[in-house]
Amino acid sequence: MAGRSGHPSTLAQAYALTCALACALATPWVSAAAALKVNGSSTVTPVVTEAAEQLQGQGLSIQVDPAGGSSGGISALGDGRIDVAMSSRPLKASDHERFPGTDFRSVAIGYDAVALVVSRDVWEGGVRQLSREQLQGIYEGRIRRWSELGGPDRRIVFFNKEPGRGTWSMFAGWLYGDADKAPLVSFPEVGSNQETRSKVASTRGAISQLSAAWADGETVFALGLVEGDGEAIAPTSENVTTDRYPIRRPLLLITNGAPDGAASTLVDFLLGTQGQSLVEKHGYLKVAAPPTAAAH
Amino acid sequence: MSPDGSTALTVPQQPPTSSRLAGLARWPWIYTGSLVATGLAALAFLGMLGLFAVESLPVWRHAGLSYLSGIEWFFRVQRFGALPMIYGTLAVSAIALALAAPLGIASAVFVAEILPARLRIPAKTAIELLAGVPSVVYGLLGVILLRGWMQDVLAPFEPLSGDTLATAGVLLAVMILPTIVTLSEDALRSVPASQRQAARALGFNRGEAILRISLPQARSGLVAAVLLALGRALGETIAVFLVVGRQDNQWPDRLLSLEPLAAAGQTLTSKLGGSETHIAYGDPLHWAAMLGLALILLILVAGVTLAGSAVAGPSSGRAAPGKSVRHPDA
Amino acid sequence: MAEPALHRTPSSSRTVAPAAGSADPTATATAPPRPVLEAYGLSVHSRERTILRSIDLVVEPNRVLGIIGPSGVGKSTLLRCLNRMTDLIPGLRVTGEVLWHGRSIHDRGIDPDALRARVGMIFQQPVVFPGSILANIVFGARRVLGLGKRRWHETAERVLREVSLWDEVHDRLDQAANELSVGQQQRLCLARTLALDPEVVLMDEPTSALDPASTEAIEHLIQRLRQTRSVVLVTHDLDQARRVTDAVACLCLQDGAGQLVEQACCAEVFANPDCRAVAEDIADPNPSIHGPATHNQGARPS
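Conventions adopted
- Residues numbered from 1 in each chain as written.
- Chains lettered and ligands numbered in written order.
- Predicted model: local features only at pLDDT ≥ 70, side-chain atom pairs only at ≥ 80, totals over all residues.
- Heavy atoms only, no water.
- Helix = DSSP H or I, 4+ residues; strand = E, 2+ residues; numbered from the N terminus.
- Buried < 20%, exposed > 50% of the residue type's maximum accessible area, 1.4 Å probe, protein only.
- Contact = heavy atoms within 4.5 Å.
- Areas by Shrake-Rupley, 256 points an atom, 1.4 Å probe, with all protein chains shown as cover.
- Axes fitted to C-alpha atoms, helices over the stretch in contact; angles between N-to-C directions.
- Parallel < 35°, antiparallel > 145°, perpendicular 65-115°, else oblique.
- Left-handed = near helix turned anticlockwise from the far one by under 90°.
- Nonpolar A, V, L, I, M, F, W, Y, C, P; charged D, E, K, R; others polar.
- Pairing = 2+ DSSP bridges.
- Buried area = accessible area lost by both parts, 1.4 Å probe.
- Salt bridge = Lys/Arg side-chain N within 4 Å of Asp/Glu carboxyl O.
- Core = buried A, V, L, I, M, F, W, Y, C linked by side-chain atoms within 4.5 Å.
- Phe/Tyr/Trp six-rings, centres within 6.5 Å; stacked < 30°, edge-to-face > 60°.
- Lys NZ or Arg CZ within 6 Å of the ring centre and 35° of its normal.
- Polar contact = N/O pair within 3.5 Å; in protein donor to acceptor, adjacent residues only side chain to side chain.

Caption draft 1: Highlighting the overall build of chain B. Counting its regular elements, chain B contains 15 helices and two strands. Burial status across chain B gives 45% buried among its 330 residues. Looking at chain B alone, contacts between residues at least 24 apart form 72% of all its contacts between residues at least 6 apart. For chain B, the accessible surface area stands at approximately 16,300 Å², while carbon and sulfur atoms represent 69% of it.

Dropping the structure here:
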């Protein structure tokens, strides 16, 4: 649209400018499509993601995002930013206190265990189980070397799970009775299960908290837990199912009020045969009894 | 008036004025549009700054200046001290610059001055491709390749793992290197060839011509390149997040010693990029503390970027020596 | 005249033996003085074509040699062969011999940077370095000759007087060099080169960018320079050639490459019918449009 002198005409410039402004202003609206927003625990995410893909064929649009962990998802639900929260820990009194206006309803779609995993050199160095007291010692920095625990003479490299993670809450809850009672410590942190496994596997003397489904027994190794004078209980699926393994957690979908519409479809799908086989496929445990949505 | 005196082909023009604004009056949409866009950009930045300042007020009231000087961060008991993270950010960026600046400028000298002309384009293309690699890819490469290697390199300091401030610094150096090389190479090439030629004709060898002519005359461009790369390093999140260790409260006993660099640490970006931001959202004080970190980071990066522009600015307008010609006088 | 050393030296300041004083142009010697620079069968090839073919040239001591010819014939290239500035142009191949005091400058033992300190060069557009007038003058000398700071001022005064710039700038040596006028800048470049005390000064159309007054000043300079050294001057201006040179080498295009027609004193050269055509061509390239050309303005390829 060259004008007389070869420059774009005034009209062309106006048009171009308007288009540019319109694009810039429209971008936020374009991305806010009417999808069901699901945020929260990275433990639950793979199951819900695959369920969402299968439900897409039925015309449902579901956005699954593991950002924030269980606590992050619950906070987002309380703020009304998302529709369904995924959590790998039960709701706490403090969650209800922080969001008094929210009617939290949670449904368990499966179970997971939190394992304490170590790197190969520690496992093969003879450390196969730890007691609650020993783990407290590690967590509080009193026990510094594996040799104090019957293992190789190497420093203990403890990767602490990010405090927002359900995995950490369960671990700290078991270790100290209540996660809020855990002492204030500073360790290098790891976030997702993927990162945890990768870092433990590639660091000598490493130990961290990991979702039991991710402990493959090849790169990282799950320790047995000793409670009191009891024997060591490994996080095998049998031990977890029969509730012998102490650090077990539910996989929860949480909604504000009873789930309806797309959220309801999602919950029903996951509690049905197809959904439960997804849960198992990802290394978690199925729900034992028929589902009833309960307010906690 | 054309040379033969006819006026038939001349285009009617507005009377010439000395003001460029008057010239722009012929294109009202461009003038208005660019004014609006510039204004919006400036407002957006100032708005951001103001927003973060206001939203972080609770933590300033709670902790006062100890927010900046405190060395403990335990959010569960509402203790917020950002100093170890400021240290981490500065340390990681300093390591990155120390590694990337000399190497980058040397590479730029090589590409601009020594490489034969036909190899210049492939070399520049390769470097610019590196500059375009997404941060997360660098981060993953860092996790896969760099952590193990750094733990070996830093063995005398006995780091717990390969996640250290030094690792993040090295990774950042790799990431900002292409930026430094490209910008420095541009700066060097903007030095006129006639300058180098005149130096060679005086008997300078190639190295001396580079040292005495190219580098000094490109100096402001080189400084700007380094400052802009520093700005990028300060703000880099993903790659640093994956390899820095993310251990809070790592405050060195002695500030300028090397040992803390071989240990895990936390930077402003690695803290902000973590999940604590999501946890913080429900708690006003915690949220304010996180936004305060963002405010500090924003001011740091803005300061460095402004410095970089200020250094680059004046030189882009100066007439190249040898070309600056006044009208002849006696 | 002692043959100055041009061999590669490991130290950064090249120890080059200075030219042995000014040769008396009217000395009666039994043998004619050895030429400073000679070229035999000098050819220059680029990847596409031959630029210069088989040029023979002689630069006598204390003489001004002019190089004339039509545009594009290769005059600048020829000039650059004499101090191996052709090395800096990628893709150029130089064959034939160029002798410096009888020794080939392409010998393996010859340091081209040391050669360029002995054979200086001025360009069409003056190239001043950023910095003060004084900094410009000593720029080369301090590096190449290791000129100590204490001797800077005396060197500056010497060369600035030589180029007749001292009176104009002696009180502002610390001012920026690029604030000088074009004519002054060109003289400053010459002064900078003279600070290295070269035996030969090559000049590539030094006055084509200057006004008449500066041109005249430079021409006087060249006349004075020949007392102490030799000058090779590429010029488009025949009158300048007549005024300033002792001998002239006339180049013309034959079969797409520049070739020497004759090197002799001006009168002889312009008497040569081949050269006269060249001369007329330069003097009046477009007689139908322009008036008689006096001197050229602006840069032109040569």
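Caption draft 2: Quick peek at the packing of helix α4 (residues 152-162) of chain C against helix α6 (residues 182-194) of chain C. All names here are of chain C. As a packed pair, α4 and α6 sit with axes 9 Å apart at the nearest point and diverge in direction by 130°. Between α4 and α6, the angle is such that the two are oblique. In terms of crossing hand, the pair formed by α4 and α6 is right-handed. Contacts between α4 and α6 involve Arg158, Val159, Leu160 and Glu162 from the former and Leu188, Ala191 and Leu194 from the latter. Looking at the contact of α4 with α6, its residues break down into five nonpolar, no polar and two charged.

Caption draft 3: The sheet that holds strand β10 (residues 224-226) of chain A, seen in detail. Residues and elements named next belong to chain A. Ordered in space as β5-β10-β11, the three strands form an open sheet in which the pairing is mixed. On the outer flanks of this sheet lie β5 (129-131) and β11 (232-233), each paired with one strand and no other. Pairing of β10 with β11 involves two bridges; the strand directions are antiparallel. By the bridge assignment, valine 226 is partnered in β11 with alanine 232. Taken strand by strand, helix α6 (residues 132-139) contacts β5 and β10, and its axis lies near 85° from that of β5.

Caption draft 4: Summary view of the interface of chain B and chain C. Contacts between the two partners involve 24 residues from chain B, matched on the other side by 32 residues from chain C. For the pairing of chain B and chain C, the buried interface totals around 2,400 Å² over both sides, and the portion due to carbon and sulfur atoms is 58%. When the buried area of chain B at its contact with chain C is split by residue, Arg200, Ala201 and Leu202 of chain B rank highest and sum to 24% of it. Summed over the shared surface of chain B and chain C, the result is two salt bridges.

Caption draft 5: Expanded view of the nonpolar core. Counting 91 residues, the largest nonpolar core has Leu37, Ile137, Leu160, Leu188, Leu190, Met203 and Val232 of chain C as the members making the most contacts within it. Take this core: its biggest share by element is seven residues, from helix α3 (residues 133-145) of chain C. Counting residues in each nonpolar core, the second largest holds 45 residues, with Val127, Phe171, Leu210 and Ile247 of chain A among its members.

Caption draft 6: Local environment of the pairing of strand β10 (residues 257-264) of chain C. All names here are of chain C. In the sheet, strand β9 (residues 247-254) pairs with β10 via seven bridges, with the strands oriented antiparallel. Paired with alanine 249 across the two strands is glutamine 263, which belongs to β10. Hairpin connection between β9 and β10: a loop of two residues separates the two successive antiparallel strands, and aspartate 255 in this loop has a positive phi of roughly 55°.

Caption draft 7: Spatial organisation of the pattern of salt bridges. Taken as a whole and judged by the stated rule, the model has 41 salt bridges over all chains. Across the pair aspartate 112 of chain A and arginine 249 of chain A runs a salt bridge, and its minimum N-O distance is 3.0 Å. Here arginine 249 of chain A lies in strand β12 (residues 248-256) and aspartate 112 of chain A lies in strand β4 (residues 104-119), a separation of 137 residues in the sequence. The burial state of aspartate 112 of chain A is the same as that of arginine 249 of chain A; both residues are buried. The partner of aspartate 246 of chain C in a salt bridge is arginine 226 of chain C, with the nearest N and O atoms 3.0 Å apart. Placement of aspartate 246 of chain C in the loop between α8 (238-244) and β9 and of arginine 226 of chain C in the loop between α7 (212-225) and β8 (230-234) is noted, with a sequence separation of 20 residues between them. Given a relative accessible area of 27%, aspartate 246 of chain C falls into the partly exposed group.

Caption draft 8: Representation of the interface of chain A and chain B. With 42 residues of chain A at the contact, the number on the chain B side is 31 residues. Around 2,900 Å² of area is buried between chain A and chain B when both sides are counted, 56% of it from carbon and sulfur atoms. Here chain A and chain B share three salt bridges between them. The partner of arginine 246 of chain B in a salt bridge is glutamate 162 of chain A, with the nearest N and O atoms 3.4 Å apart. Tallied by class, the residues present in the side of chain A that touches chain B amount to 18 nonpolar, 14 polar and ten charged.

Caption draft 9: Geometry of the packing of aromatic side chains. Summed over all chains, the structure comprises 14 aromatic pairs over all chains. In this structure, arginine 248 of chain A is placed above the aromatic ring of tyrosine 111 of chain A, and the distance from its NZ or CZ to the ring centre is 4.2 Å.

Caption draft 10: How the structure looks around the environment of glutamine 186 of chain C. Residues and elements named next belong to chain C. Relative to the helices and strands, glutamine 186 resides in helix α6. Considering only alpha carbons, one finds glutamine 186 and threonine 77, 109 residues apart in sequence, at a separation of 21 Å. A polar contact of 2.9 Å, which involves the side chain of glutamine 186, links it to the backbone oxygen of proline 206.

Caption draft 11: Geometry of the environment of threonine 167 of chain B. All names here are of chain B. Structurally, threonine 167 is set in helix α8 (residues 165-189). Classification of threonine 167 as buried rests on a relative accessible area of 0%. Ignoring sequence-local partners within four residues, the contact set of threonine 167 consists of Leu146, Met150, Gly162 and Val243. At 2.7 Å, the side chain of threonine 167 and the backbone oxygen of glycine 162 are in polar contact.

The quantities given are spatial measurements derived from coordinates; they are silent on function.
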